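Survey of secondary and tertiary structure
Here are the chains, one letter per residue:
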2 protein chains.
Amino acid sequence: MSDPIDFYYDFVSPYAYLGSIAVGPVAARHGREVRWRPILLGVSVLQVMGLKPVPDTPLKGTYAAHDWPRSARLLGIAHDPRAPLLRSSLTAMRAVCWLDERDRPLSVRLAAALFAAHWAGGRDIAEPDVVADVAAGLDLDAGELLAAIASPAVKQRLRDEVDAAIARGVFGAPTFIVDSEMFWGADRLPQVDRWLETGGW
Amino acid sequence: MSDPIDFYYDFVSPYAYLGSIAVGPVAARHGREVRWRPILLGVSVLQVMGLKPVPDTPLKGTYAAHDWPRSARLLGIAHDPRAPLLRSSLTAMRAVCWLDERDRPLSVRLAAALFAAHWAGGRDIAEPDVVADVAAGLDLDAGELLAAIASPAVKQRLRDEVDAAIARGVFGAPTFIVDSEMFWGADRLPQVDRWLETGGW
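Residues numbered from 1 in each chain as written. Chains lettered and ligands numbered in written order. Predicted model: local features only at pLDDT ≥ 70, side-chain atom pairs only at ≥ 80, totals over all residues. Heavy atoms only, no water.

1. What to know about unusual backbone geometry
Formally: Segments assigned H or I by DSSP are reported as helices when at least four residues long, segments assigned E as strands when at least two residues long, and all are numbered from the N terminus.
Across the junction of A173(A) and P174(A), the peptide omega takes the value 0 degrees, indicating a cis bond. Positionally, P174(A) belongs in the loop between α8 (152-167) and β3 (175-178). Although it is not a glycine, S180(B) adopts a positive phi angle of roughly 75 degrees. Counting through the fold element by element, S180(B) comes out in the loop between β3 (175-178) and β4 (181-184).

Printed below as a string of structure tokens:
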């Protein structure tokens with residue numbers, strides 16, 4: 001069995017939402033699993049790279065607000081072009097990080113449900129109650145989840161994962177790593193597909 | 001005759017170099033001309049957006065240095081992966097801007113030759129002498145060109161063009177505008193192609 005495709009995501013990025021769905025057929029075509037891994041753009045982009053969030057960047061913010069729904073339409077991915085910006089993904093990322101240790105397949109289902117709730121459902125997953133509600137839809141115990149999110153161990157685990165991603169050179173979302181080769185951006189999936197098909201060029 | 005594809009470029013960007021070549025077949029397929037237009041990332045990215053140059057950005061700079069030659073190989077575009085960073089495109093951009101008013105087709109040939117000299121030929125077009133030498137290869141008078149570059153009128157014309165681009169929302173290079181629809185990035189040319197084919201989605 002070949003190595004999985006590492007898929008780095010942060011819920012704040014609508015492009016990561018598109019990538020989370022679009023990577024599926026690419027992985028399936030080549031018999032690869034997708035390993036979901038967290039990155040926090042608040043750490044990589046703001047702290048390490050010293051940039052500002054895309055929505056707060058003149059010109060680029062306006063472009064991205066027009067571009068990501070356009071890409072979603074092209075890909076046929078359900079979305080809400082008026083979905084609110086996600087100002088903090090910490091709660092949602094911690095929830096998935098906690099569940100990843102207990103039940104990885106379920107954690108991926110939770111991550112997908114959270115992505116969809118925000119970027120297609122127009123709900124604000126910065127709110128812990130919304131995260132708990134989405135989790136409840138997967139029969140997860142909301143009280144347990146909210147307690148876990150607040151625990152120092154889960155916070156530290158997420159931070160450790162993000163530090164490991166950055167140490168690997170990951171800075172954006174979505175990022176895909178196939179056989180040690182890194183591709184940044186949902187629009188690079190055709191290159192990922194080609195890389196898997198050819199073994200690289 | 002349909003409107004041309006507006007192609008915004010800055011010599012500092014190796015991605016703009018890739019876009020300058022890859023846009024050709026897309027335009028030809030749809031019977032469109034390509035209208036080369038200047039943007040200065042030193043104005044849009046640094047001054048207006050308040051970001052730093054990609055090569056100076058931690059993590060992203062390292063990625064881009066690996067990524068653009070990889071994209072060039074995939075596209076089959078001649079390139080030198082060890083080409084030096086281009087620290088200032090002002091001289092080269094002004095040379096093309098000057099020539100654009102006198103002989104537009106020749107100005108495009110000059111721009112293409114300057115792109116190739118830097119990103120495939122490993123020459124540093126930040127140097128006025130190199131720009132003049134490349135221009136001489138197109139039978140342009142080097143002395144006349146160097147004098148033109150230094151003239152306030154040419155400097156102002158480039159600045160006016162860049163201001164007009166930014167007023168239109170252009171911030172990166174390459175940027176393509178087809179029928180008022182803006183696409184940023186060489187890797188968006190498949191979307192440009194699709195847009196021209198379908199009339200939009």
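Having put the structure on the table, let's press on.
2. Digging into the confidence of the model for chain A
Put simply, the rule reads: Per-residue confidence from the predictor is reported as pLDDT, which spans 0 to 100.
Here chain A averages 96 in pLDDT, and 100% of its residues register 70 or above. At the level of chain-chain contacts, confidence expressed as ipTM amounts to 0.94, with global pTM at 0.96.

3. Comments concerning the environment of P190(B)
Mapped onto the elements of the fold, P190(B) is located in helix α9 (residues 189-198). For P190(B) and L18(B), which are 172 residues apart along the polypeptide, the C-alpha to C-alpha distance reads 13 Å.

4. Description of the relation of the copies chain B and chain A
Here is the rule: Copy-to-copy alignment: least squares on C-alpha atoms, limited to residues at pLDDT 70 or above in both. Contact definition: two residues touch when any of their heavy atoms are within 4.5 Å.
Its rotation angle being 180 degrees, the transformation that places chain B on chain A also includes 0.0 Å of axial translation and leaves an RMSD of 0.0 Å. Classification of the inter-copy transformation places it as that of a two-fold axis. No C-alpha of chain B lies nearer the rotation axis than that of L51(B), which sits 3.0 Å from it. A share of 100% of interface residues in chain B that are also interface residues in chain A marks the association as one of identical surfaces.

5. As for the sheet that holds β3(B)
All names here are of chain B. Our working definition: Paired strands, as defined in this entry, are two strands with at least two bridges between them according to DSSP. Here the axes come from fitting lines to C-alpha atoms, over the contacting stretch only for helices, and the angles between their N-to-C directions go from 0 to 180 degrees.
Overall, mixed pairing links the four strands, which are arranged β2-β1-β3-β4 in an open sheet. Two strands close off the open sheet at either side, each with one partner strand: β2 (34-38) and β4. Pairwise comparison of adjacent strand axes, ignoring direction, gives a mean angle of 25 degrees for this sheet. In this structure, β3 lies alongside β4, joined through four bridges in antiparallel fashion. Across the sheet, the residue bridging to T175 is W184, located in β4. On the sheet, helix α5 (residues 104-119) packs against β1 (5-9) and β2 and is oriented at approximately 65 degrees with respect to β2. Docked against the sheet, α9 engages β1, β3 and β4, running at close to 5 degrees with respect to β3.

6. Some points on the interface of chain B and chain A
In many reports, interface size means the accessible area that the parts give up when they come together. Under the convention used in this document: Put simply, a salt bridge is a Lys or Arg side-chain nitrogen that is within 4 Å of an Asp or Glu carboxyl oxygen. Here a polar contact is recorded for every N or O atom pair within 3.5 Å, except that within protein the pair must consist of a potential hydrogen donor and a potential acceptor, and residues adjacent in sequence are included only if both atoms are side-chain atoms. Three categories are distinguished: nonpolar for Ala, Val, Leu, Ile, Met, Phe, Trp, Tyr, Cys and Pro, charged for Asp, Glu, Lys and Arg, and polar for the others, with Gly belonging to the last.
Counting residues at the interface gives 31 residues for chain B, matched by 31 residues for chain A. The tally of links from chain B across to chain A stands at six salt bridges. The residue D67(A) makes a salt bridge to R188(B) at a minimum N-O spacing of 2.5 Å. Between the two partners, chain B and chain A, sit 20 residue pairs in polar contact (both at pLDDT 80 or more). For the side of chain B that touches chain A, the elements supplying multiple residues, two or more each, are α3 (60-75), β4 and α9 of chain B. The element contributing the most residues to the side of chain B that touches chain A is α3(B), with eight residues. Taken together, the residues of the side of chain B that touches chain A sort by class into 16 nonpolar, six polar and nine charged.

7. A closer look at the packing of aromatic side chains
The relation between two aromatic rings is expressed through the spacing of the ring centres and the mutual angle of the planes. Using the following cut-off: Between rings of Phe, Tyr and Trp, where Trp is taken as its six-membered ring, a pair exists when centres lie within 6.5 Å; planes separated by under 30 degrees are stacked, by over 60 edge-to-face, and by other angles tilted. Exposure is judged per residue with a 1.4 Å probe applied to protein chains only, and the accessible area is read against the type maximum: over 50% gives exposed, under 20% gives buried, and values in between give partly exposed. Each ring is checked for a lysine NZ or an arginine CZ that lies within 6 Å of its centre and within 35 degrees of its normal; such an atom marks a charge sitting over the ring.
On inspection of all chains with the given rule, the structure shows 30 aromatic pairs over all chains. Here the aromatic rings of Y17(A) and F115(A) are separated by 5.9 Å at their centres, their planes lie at 40 degrees, and the arrangement is tilted. Of this pair, Y17(A) sits in helix α1 (residues 14-29) while F115(A) sits in helix α5 (residues 104-119), and the two are 98 residues apart along the sequence. The two residues Y17(A) and F115(A) agree in class, both being buried. Ring centres of F7(B) and F176(B) lie 5.7 Å apart, and the angle between their planes is 20 degrees; this geometry places the pair in the stacked category. One end of the pair, F7(B), is in strand β1; the other, F176(B), is in strand β3, and 169 residues separate them in sequence. Pair check on accessibility: F7(B) and F176(B) agree, each one buried. Of the aromatic side chains, those joined through ring pairs into one cluster are F7(A), Y9(A), F11(A), Y17(A), W36(A), F115(A) and F176(A). Taking the ring centre of F183(B) as reference, the NZ or CZ of R70(A) above it sits at 3.8 Å.

8. Overview of the nonpolar core
For clarity, the threshold we go by: What we call a nonpolar core is a set of buried Ala, Val, Leu, Ile, Met, Phe, Trp, Tyr and Cys residues that are connected through their side-chain atoms within 4.5 Å.
Membership of the largest hydrophobic core comes to 140 residues, with the highest contact counts inside it found for Y9(A), F11(A), L110(A), Y9(B), F11(B) and L110(B). Among the elements that take part in this core, α1(A) stands out by supplying eight residues, more than any other.

9. Digging into α5(A)
All names here are of chain A. Operational definition: Here a helix's expected span is defined as the number of its residues, less one, multiplied by 1.5 Å.
The terminal C-alpha atoms of α5, which comprises 16 residues, lie 23 Å apart, in line with the 22 Å expected from a rise of 1.5 Å per residue. For α5, every residue scored as buried is listed here: L106, S107, L110, A111, L114, F115, A117, H118 and W119. The opening residue of α5, the one whose side-chain oxygen lies 3.1 Å from the backbone nitrogen of L106, is D103.

10. A few points about the environment of G42(A)
Residues and elements named next belong to chain A. Turning to its location among the elements, G42 is positioned in helix α2 (residues 41-48). Taking relative accessible area as the criterion, G42 reaches 36% and is therefore assigned partly exposed. A C-alpha to C-alpha distance of 9.8 Å links G42 and R87, two positions 45 residues apart in sequence.

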